[in-house]
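The primary structure of each chain is shown beneath.
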Amino acid sequence: MLNSIKHDLLFVLQNAKLIDFLTYGWIFLAFILIILVGIFIAIKSWWQMGFLFILAGFFGFFVANYYASKYINENLRPVSISQITTKQLQYVDALMVDFNITNNSNSTLNICKIELAFYLSSKQSTKNFLNSLNPFTKKRIILNKEFLPKQSIEIKEFVNDFAFIDYNISKKVECF
């Protein structure tokens, strides 16, 4: 899990644009300000209130980063993935995955990272959600070519060492 977070962070840092750095910079400055206010309150008067400020600062930092990334990706660089069709190969433990990705933005994208996570399906919605948080296998696809506005690209990939029958797929796309 830490390796996945590290990979995601390095991908964003390598490919981020000015708007990304400005957004994350403002979030970081707000975080530092809230921490300093919390420390000031803890030293001067009421340490419990200062602790709550510091705790709220950390919580707000992570929530703001998540929603800022989601907002930027949905509004400035929207992409969509069609329904994923899969075919289990008979003589090899592999799965063929086929889908289209479409650039819905008005700007050209240079690189896209697509992550497909395969997890066990369940009839219970809570168990299905918990299974989606811990997939049994993942497939990461990097598109390193120019992606024009309103263009669709067909992607066919193989997932090796795959022999499951009943599974669901979650998808995550990040483009720059």
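Numbering of residues starts from 1 in each chain and follows the order in which that chain's sequence is written. Totals for whole chains, interfaces and linings use every residue, but because this is a predicted model, local features are given only for residues with pLDDT of at least 70 and side-chain atom pairs only at 80 or more, for both listing and counting. Calculated side-chain values reflect all of the structure's heavy atoms, with hydrogen atoms and water omitted.

Visitor: Can you walk me through the pairing of strand β2 (residues 85-88) in this structure?
Guide: Remember that side chains alternate between the two faces of the sheet whenever the strand is regular. At least two bridges found by DSSP between two strands is the condition for calling them paired. Comment: elements are numbered from the N terminus, with helices defined as DSSP H or I runs of at least four residues and strands as E runs of at least two. Bridge analysis of β2 against strand β3 (residues 94-103) gives 4 bridges, and the strand direction is antiparallel. Of the residues in β3, the one forming a bridge with Q88 is L95. Linking two consecutive strands that pair antiparallel, namely β2 and β3, is a turn of 5 residues.

Visitor: I'm lost on helix α3 (residues 47-75) in this one. Help?
Guide: Since the α-helix packs 3.6 residues into each turn, any two residues three or four apart lie on the same face. Here the expected length of a helix is defined as 1.5 Å per residue gap, with one fewer gap than residues. Here α3 is 29 residues long and its end C-alpha atoms lie 41 Å apart, about the 42 Å a rise of 1.5 Å per residue gives. Note on exposure labels: buried denotes an accessible area under 20% of the residue type's maximum, exposed denotes more than 50%, and partly exposed covers the range between, all computed with a 1.4 Å probe on protein chains only. Listed as buried for α3 are G50, G57, F61, A68, S69, I72 and N73. The secondary structure elements touched by the buried residues of α3 are α2 (18-44) and β7 (167-175). Residues are treated as being in contact if the distance between any of their heavy atoms lies within 4.5 Å.

Visitor: How do you make sense of the pattern of salt bridges when you look at a structure like this?
Guide: Two side chains that carry opposite charge are able to pair once their charged atoms sit near each other. Here, a salt bridge means any side-chain nitrogen of Lys or Arg that lies within 4 Å of a carboxyl oxygen of Asp or Glu. In this structure the tally under the stated criterion is 6 salt bridges. The partner of D8 in a salt bridge is K113, with the nearest N and O atoms 2.5 Å apart. Residue D8 is located in helix α1 (residues 2-15), and its partner K113 is located in strand β4 (residues 112-120); the two are separated by 105 residues in the primary sequence. In this structure D8 comes out as buried when scored by relative accessible area, which is 16%. Overall, the relative accessible area of 1% leaves K113 in the buried class. A salt bridge links R140 to E115, with the nearest nitrogen and oxygen atoms 3.1 Å apart. Taken together, the residues R140 in strand β5 (residues 137-143) and E115 in strand β4 connect sequence positions 25 residues apart. Judged by relative accessible area, which is 35%, R140 ranks as partly exposed. Owing to a relative accessible area of 13%, E115 belongs among the buried residues under this scheme.

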